[in-house]
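# Close look at the chain arrangement
One letter stands for each residue in the lines below.
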Amino acid sequence: MTTGAKINSDGDVLMSDITSDGASSFDSRLQTTVLTNLLNKSLGVQGIWSFEEVITVDDCIEGLCFMKQEWRELEGNGGKEERKLDLLYLNIIFDFLAKYATQQERYSFLSTLLLKALDRKIFDVNQFITIALQRANIIEGPSFKLTCKCIKRCIQKCAKDTVYDILRRVIELIQSLPTDLTPIQFKNVNRAIRILEMLVEPPHEFMSPYAAMIEITGDMSKVHWTLSGFFRQFHIQKQNLVSMLTILDDPELCRIVGPSKEEEFIPRLKIDRRHLLLPEDPQPPPTNTSTIWNRHVNSLLQMVREGVPLQVVKSQIASVSDIRHQTTSTSDMLLTANILRVIQLVNSIEGAPKVEEKNPDDAYGSWWDEWQHFADQFYSFVENGLLDYDKFMTTLSQSRTAKGQKLRDNAVIWLLTQCLPLNNIKELFRTDLQMKNGSDFGHLIPSVMGFYNKEQATNTALYHDLRDTSLTCLLFRVYNIIGTGASKEIQQYLNTLSEKVQNVTVHKYRKWWQETETPDFYTLQPKVAAIICVLSSFMSSRIANAISDFIQKPETDPSLTMYYNVSDPGLGFTGKLRPISINFLAHLSIRCRQRVLEGLELVMFSDEQKNPALVETYARLLYISPGSRNKYKLQSQLHVHNTESPAKLHTLLEILNFRLLRYFKFHSSTKELFLDLFGCLMRTTSHQLWHSLQNFLIKICLNLKYMLKFSKATDTVDFGCVLNRLVIVSLAKTLRTRGISDYAQVRDLRKILNRLYTVTPHQWSANTLKYFPSEFVEFYNQVQVPPQVITRDTVILEFKANQQYFAALDRSGEAFLNQYKMNPQSRPLFLCVVWLITLEHKKTDGLATAQQILYAFPPQELTQYIYMFTDFLLEESPIQGASPRSAMGPGFVPQVATTEIIREVGSLLASFVWTYHLIDFETLILALLDKDADPNSYPLIEYLLISDNQFSQRVEGFCSLNLNKEHWREENYYKKHRDYEQKFPEFVAGPGFPKLPSYYGNVCLRFLPIFDIMVGRLIENEKTELLLKLISKYFKLYSYHENPANFVADLLYYYFESPIFQQSDTKMRLLKLLESSSITFSSVFTQYFSTKNISVFSNQYYKHVIARLATGISTTYNSLPSTHANNQQKPSQIFHVFNEFSTTTSRTITSVVLELLVLPLPPNETTTHLLNVVFESQLRSFSTMESVGLILANLPTPFHRVLYEKALQVIQQDSVFMENSVSRELPPFTLHFASDYSSNISASIDNRANKILLLLQLFFHYSSVENLRIVPSLIAAIKPVKSIQQLYFLCKMVGPFIYRIAGNGELLGQILHGLMEGLLDLSPWIQSLVVHHGTGTNDANHPLSLLSVISDFFHHCKAVFPKLPAEVWPKMQGLVGMMSPELQHQLKHLFL
C-alpha cells in the first residue's frame, strides 16, 4: 500500500493511488488523509502537497463523488462499508466546521459544501441528519443555524425514525440550555422551535400529533421555559387521550371491591412503554390534599381493614405501580393506609366500653381482636417487602390522634414487636443501634419509647397484659438480637431503658412459667391463657415447643382413644381428639404461632401417625398465620407424596377437602392444586384415596373463578371420565357466570373440548346444551354420538363363557382375577353380568367375592365401568323390557319403566351400594345424571335419594351430631364423628385395600358437590317437583357447604332463563339452602318472603338496595378517611378468613345480586327501577353510579337489555347529540384533565349524557369480556352518526376496555371499523366546518378538538394492537380514502 496519494489535473485525489496490490480493506487513515488535504486546499490551508490551482465548492463535490465511485469500483463493497465511509467523511467535514466556526469565509465554504452534497445525494440523508444533530451546538450560532438549514432541506426525504430523532435531539438541545439566554442562544432556540413546529403542525406534519405526543415525556415543571408552550399542547393532548382510555381519568377507580379482575392489568404491561399513557401518581403531598393519592390510600385502607388476602393487595399495588412504572408512590400509599389504620384503632379502643374480666368471652376485648387481625396483615406486608418498617415507625412517631395529641399507645409497641423475629428487622435494629445520636443510640428505640403510655393500664381486661408488657418484651428481644457482641455502652443503654419501664408482671410471669409444669392447654383459665400469650412475645420457642409437645403426647384417658376400625385395633392409633382453642391460638404472638405451625408440619409431612388434635390445630393455624409461605409449603408436599404412600396423601387430602378449601379459595393457586393432584388421581391404586382425590377435585372444579390454564400440552390432558365431563361443565359455567379477563385465555378452547371428548366421548343432552356458551354448542353439534359399548348380547356371551365361575361366584374370586389379568377387555362386563344374575336369579351369595374382584381393578377403570354399567342398566337391562337399544338400532327410544320396575331395580342398586359396596354412591348418581335424556334416570335417582332410606338415614345421623357450623369453634368434632362412623361404617377394609385414616370425610359431606351438580341438571330438565323434594329433605347439609351463597347465586345466574324459574316460588325455595350462610337480606325482601306481597318492591326498595352496596364501596375522594373513633362501628371478626366471603363488600354484592335474581319481577322492570335511581335529577353520588354498574355487571344478560335501550335512547334523542355545533353553553364532555377528581365526578353525573356514559363504562369495567360482544351492535344501531359528540361518546365508551379485548382481534377490529364508519358519516360536515372556521382552535370542546382526540385514539390503537386480523387496517384505509381531504390529512399517518 502506498504512503501517499496524487491529485489529478482537476485537483481530485485518485482512489487508485490509495490502495495497491488488490487490497480490499477499508483504511480510515488514508481516507482521512485524502479528504483532509482536499479540504485544506479548498480552504487555502497548506496541506501535505502543494497546489497551484484554487479548488471550488463544485470541485470538492466532484472530488467527493469521484472518490466514492473509485472506492466502490476498487473495493467492490457497499452497504455497511459504504456507510462507514460516509460516516468518516461527514465527521471530517464537521470537524472542519467546528475548527473554522469563527472564520466566516471558510465556514461559509464548508456550509455550502454540505448543502450541495445533500442536493447531490452524496451522503445518505438519514445518516447525514443523525451526524448533524450529534454535532450541533445550540450555544454557538453558526453550527446550529447550519443544522437547521440541513434539516429543512432534506426533511421530506428522511425516514420516520430520523424524523423522531430530530424531534428528540432538538428538544434535548433546548433542555440543556440555562434559564438566562444569550442573544445567539435565543435566536437558535427560535430556529429550533420552528423546526419542531414544522415537524408536527400543518401544512407539513412530518409526524402525527400522536407520535409527537408519545415522544414528548417528562415533568412539565422541568421543561425549559422556551418549550413550555410547545409542550403544553401535547401535555393537554395526552391528558385528553388518557381521559378517553379511562373512567373519570382514573384506571384504578373501581379497584376497591377487591379481586374482581385481578389479572386484567397484565395485557397492558405487554405494551411498548412509550404507549403506556396512564398518568403517574404523584409523590405523597405534604398536606395530603391530592385526591389521586387519597383515593388509592382509601382503597388500600379498606383492604387492610377487611383483611383482604395478601395476593389481592399485591394485585392492587401492581395495578397502580406497574402500569405507571414506579413503586415508591404505591409503597407510600400502603404505608399511609397502615398508619391511618393504627390511628383508627387507637381512637376506637380509647372510646370502647370497658371489658369486664368476669366475662370469659370478652377476656381479650373485642377491639383487641382488631389489633390481632391488623397485626397479621402488617406482618405480611413487612415480610413480603411491601412496607418499609423503618419508614413506617418514623412516620407513625410524627402522627397525631384525633385530638391532636402525640400518639401514645402500648398496642402500637405490641404491633411493632410482632415483626422483630424477621431477619431483615433484626438487622435493621442491629445497624440502627450502632449510630449514636446524642444520649440515644439510633432512632428506632427512641421512636418506640415515644409510643409508651405508662398510664394506660387502668383496665382489668386481660388483653391489657398483652398490650402493656409489650415495651418490656421489645427491649428484651432487642437485647437478645444484638447479642453479647454489642458494645458495653449499647448494652448499658438498653438495660437503663428496661429499668425505667420494668414490668413486674412480666418478671412474675417468667418466674411462674419456670416453676410450673406444662399446663393443660385444654383447660386454660382466661388469666393463665393471657399469661402464656404474653410470654409468647419473648419466649416464643419455649411456648411453641410446649404446645407442640402437648398435642403430640398420647391421650391418657382411654375414652378419648380413637380407632379407625373398632374390630381391628391394629388399624387405629391412640391420640388426642380435641384441638387447641382457636381463641388461644389467635392471641399468641405471630412468631410463636409460626413456630407451633412449623413443629406440627414436621409431623404432618412425615410418616408418623397424626392424631386428630394435631390435624385440626394445624388447619386452624394455617388460616390465622399471615403470609402465603405456609400455603406453598403444604402445596409442595403434594408433589412429594406420591401414590406409594396413600396414608400420608390421604391425610393431606382430608384436611384440604374438608377444612382448607376456603383457605385456598382466595388464591389463584387453586388452579395449580387441581393440575397438581390429577396426576396422583390417575396413578393411585387405593380406592379410598381415589374417591377422596376425585371428590376434592370435583369441588375445585365447581368453585373455580378463573379459567383453567393447562400446564401440559392440550393433546395430553386427561382427568378421568368423571372429571373430564365436569371440567367441561365448569368451563361452561365459568364463561357464563364469571367470565374471563382476557380473550387470550380461551384461544385453545376448541382444542381442549376436542381432547376431552376424544378421551371421554359423551353426547350432552339438548337440555344441557341449551345453557352452554355458543362455542360449546357449536362444537358438540358437530361431533357424533358415541356408539353403545356394552350390549345385552355381549353380557350374555360373557356369562356363558365363564358360566362355571359365575355359578360358584363365592369360590371363584382367584380364577376371575387370573382371567381378567389375561383378558382386561372383559373387565367392563363383570359388573353387568353380576347385575343380571342378581336381578334375574335373586342370587346374592357371591356378592362379597364380587366386591373383592371389583376392588382388585384399578379405581380409574372401576369408575369408568360404573358409567358403562349405568348405560347398560338404562338401555340394555330388563328395565327396557324386550326393546333394548341394541335391538332397536338407530331408532331406539327409551321406554318409561313402571313404578314396580323402578322400585325393584332401585332396591337392588341400593343394596349394591350400601350392603355389598359394589358401586360407589357418588359415582352412580353422577352416571345417572349424565343419562338425563333417559326417562328412567331421574326416577332411579328419586328412589335412591327419597324412597330408599339408606342415604337419608346417614344424612339425618350426621346432622343429628349438632356440629358447630363454624368448624373452627367445634372442639368435639372427632368424638362426634367417630360415633357416626361406628354406626355407618364406610370403605370396609379387605385384602389388598386397607382402610386409610378418616378425619373429617363421610358420604354426606362428599355428596355435597354431587348435590350441586344434581340441582343444575334438575333445573335443565325442568324436574321441579323432584328438585323441591330434594331441597326440602337435604337442605341442612348445606350448613357444611364451603361456598353455599356463591353456589346459589351462580345457579340462578346460569339458569336464569330456565322455565322453572319463571315461577318465583322455585327460586325462593332455593334460598332455603342458605339458612346457615352469612348472607343477609334486606327487611323488605324478608317481608316479601313471608307475605308474598309484591307491592313492597317500590322505588324506595331499589334505592335501599343500591345504598346498601354504595355504603360498602364508597370512599371519600377529596380527603383521607376520618381517623376519629366511631364507637357505633362494630369491629370486624378476627376469624373472617374462615368465612365464605373474604370481605364485607363481596358478601354485600352477593346478597344484593341474590335478591334481585329472586325477585318476582321481569328483569327489564328491575333494571328500569335501578336506572330510575341513577337518572334522578338530584343524584350527585358517584358511589350510587358505581353500585348500579357493579350490580348490572353481576346480573345475567336479560337485565342488560334495558340499559342498552336507555343508552341508545339518550345518544339518539338527547339534545347534546342531536346536531353538530361549533359552540355550546354546556358541552356534554369536559376534556380538561383535572388532578382534582371531584370535579371530574361532578361533571360526569350532571346530565343524562354523562350519566349514561359513566354507567356504561362502569358496567363494562365490571363485566366479563363476553358482555363486550354487544358493542359492535350498539355502534351499528347509532348509524349514521349525526354529530361529533356522538362519535366521541362511542370512543369514550369503548376506550377503557380496549386492552381487555386485545386477545379477540375480530371483535376489536369490528369495533374500530364501526367507529371509523362513524367518522366517514361526519366527513362532509367536518369539511364544511374547516372551510368556514379554519383548522385552528384553542377551545378544548370545539368539534375539531374532539376530532383530534378521536384521531389520537385511532393512532393509539394502531400502535398498541399491531396483530389485529390482516384485513382490519386495509378496510379502514379504504374508508379513509372515501373521506374529505381534511379528514384524510388528519389520518394520513395512520397507514404509513
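Residues numbered from 1 in each chain as written. Predicted model: local features only at pLDDT ≥ 70, side-chain atom pairs only at ≥ 80, totals over all residues. Heavy atoms only, no water.

## Re the confidence of the model for the chain
Definition in use: Summary of the metric used: pLDDT quantifies the predictor's per-residue confidence within the range 0 to 100. The criterion used for residue contact is that any of the two residues' heavy atoms lie within 4.5 Å.
Residues of the chain with pLDDT of at least 70 account for 79%, and the chain-wide mean is 79. Of the regions scoring below 50 in pLDDT, residues 354-364 engages in 20 contacts with residues more than four places distant in sequence or in other chains. Of the regions scoring below 50 in pLDDT, residues 1222-1240 engages in 52 contacts with residues more than four places distant in sequence or in other chains.

## Digging into the packing of helix H33 (residues 687-703) against helix H34 (residues 721-738)
Note the cut-off: Fitted lines through C-alpha atoms give the axes, limited to the stretch in contact for helices. The angle between two N-to-C directions lies from 0 to 180 degrees. The numbering of helices and of strands both runs from the N terminus, where a helix is a DSSP run of H or I of at least 4 residues and a strand a run of E of at least 2. Geometric relationships in this document are graded by angle, where less than 35 degrees denotes roughly parallel, more than 145 denotes roughly antiparallel, 65 to 115 denotes roughly perpendicular, and other angles denote oblique. Under the grouping applied here, Gly and all other residues not named as nonpolar or charged are polar, the nonpolar ones being Ala, Val, Leu, Ile, Met, Phe, Trp, Tyr, Cys and Pro and the charged ones Asp, Glu, Lys and Arg.
Packing of H33 against H34 leaves a shortest axis separation of 10 Å and a crossing angle of 10°. Accordingly, the angle class assigned to the pair H33 and H34 is roughly parallel. For the pair formed by H33 and H34, the contact residues are Gln694, Leu697, Ile698 and Cys701 on the first element and Val722, Leu723, Leu726, Val727 and Ser730 on the second. Within the contact of H33 with H34, the residues separate by chemical class into seven nonpolar, two polar and no charged.

## Digging into the packing of aromatic side chains
Note the threshold: The rule is short: rings of Phe, Tyr and Trp, with Trp giving its six-membered ring, pair when the centres are within 6.5 Å, and they are stacked under 30 degrees, edge-to-face over 60, tilted in between. Relative accessible area decides the class of each residue, using a 1.4 Å probe on protein chains only: under 20% of the type maximum gives buried, over 50% gives exposed, and in between gives partly exposed. Geometrically, a charge over a ring is one whose NZ (Lys) or CZ (Arg) sits within 6 Å of the ring centre while staying within 35 degrees of the ring normal.
Summed over all chains, the structure comprises 57 aromatic pairs. With 5.4 Å between their ring centres and 65° between their planes, Tyr623 and Tyr663 make a pair best called edge-to-face. With Tyr623 in helix H28 (residues 612-624) and Tyr663 in helix H31 (residues 661-665), this pair connects stretches of sequence that are 40 residues apart. Pair check on accessibility: Tyr623 and Tyr663 agree, each one buried. Following the ring pairs from residue to residue traces out a cluster consisting of Trp914, Phe921, Phe951, Phe1007, Phe1011, Tyr1034, Tyr1038 and Phe1047. Between Arg659 and the ring centre of Tyr973, over which it is positioned, the NZ or CZ distance is 4.8 Å. The ring centre of Phe1175 lies 4.8 Å from the NZ or CZ of Lys1206, which sits over that ring.

## Let's talk about helix H30 (residues 646-658)
Stated precisely, the cut-off is as follows: Here a helix's expected span is defined as the number of its residues, less one, multiplied by 1.5 Å.
The end-to-end C-alpha distance of H30 is 18 Å, a good match for the 18 Å that 13 residues give at a rise of 1.5 Å each. With eleven of 13 residues buried, H30 is to be regarded as a mostly interior element.

## With respect to unusual backbone geometry
At the junction of Lys1279 and Pro1280, the peptide bond is cis and its omega measures out at -5° in the coordinates. Examined against the element boundaries, Pro1280 turns out to sit in the loop between helix H62 (1271-1278) and helix H63 (1284-1294). For Lys121, which is not glycine, the phi dihedral falls at a positive 60°. Along the chain, Lys121 falls in the loop between helix H4 (104-119) and helix H5 (125-135).

## Quick look at the pattern of salt bridges
Our working rule: The term salt bridge refers to a pairing of a side-chain nitrogen on Lys or Arg with a carboxyl oxygen on Asp or Glu at a separation within 4 Å.
Counted according to the given criterion, the structure contains 38 salt bridges. Taking the shortest distance from any N to any O, the salt bridge between Asp165 and Arg168 comes out at 2.7 Å. You can see Asp165 and its partner Arg168 sitting in helix H7 (residues 160-175), three residues apart, about one turn around the helix. Accessibility expressed as a relative area gives 31% for Asp165, which makes it partly exposed. Accessibility expressed as a relative area gives 30% for Arg168, which makes it partly exposed. Residues joined in a network through salt bridges with shared partners are Glu616, Arg620, Arg659 and Glu971.

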